[in-house]
Amino acid sequence: MALNKKHDKSKQSTKSGAIISDKVGSYEKHPFFIKKANEAKSFLKKAGLPKELVKKA
C-alpha cells in the first residue's frame, strides 16, 4: 500500500504568519489591563480560591 505524500504530517509548514520583533511595547501599565487586574484581584478576595486549588499550591 503506497503512502500519500500530500498528507505527510511529519513535515512542518514553511508558511508562518507570526512576526517576531523586539519592538513590541509593554502593556503592563495600560489602563485597560490595570482595570482588569484590579477587578480580578477584588473578585478573588471576595470569592476566594477553591479548596482543591489551595491544597495543591
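Attention in this report is confined to the structure presented alongside it. From a predicted model like this one, the values you see are computed outputs, not experimental measurements.

The next point concerns the overall build of the protein chain. The secondary structure content of the protein chain amounts to two helices and zero strands. Relative to its 57 residues, the protein chain shows a buried fraction of 0%. As presented, the protein chain carries roughly 6700 Å² of accessible surface, and 59% of it is formed by carbon and sulfur atoms.

All right, on to the pattern of salt bridges then. As enumerated under the stated definition, the model contains one salt bridge in all. The shortest N-O distance in the salt bridge between E39 and K36 comes to 3.9 Å. Remark: K36 and E39 occur in helix α1 (residues 31-47); sequence separation between them is three residues, near one turn of the helix. For K36, a relative accessible area of 41% puts it in the partly exposed group.

Parameters and conventions
Residues numbered from 1 in each chain as written. Predicted model: local features only at pLDDT ≥ 70, side-chain atom pairs only at ≥ 80, totals over all residues. Heavy atoms only, no water. Helix = DSSP H or I, 4+ residues; strand = E, 2+ residues; numbered from the N terminus. Buried < 20%, exposed > 50% of the residue type's maximum accessible area, 1.4 Å probe, protein only. Areas by Shrake-Rupley, 256 points an atom, 1.4 Å probe, with all protein chains shown as cover. Salt bridge = Lys/Arg side-chain N within 4 Å of Asp/Glu carboxyl O.

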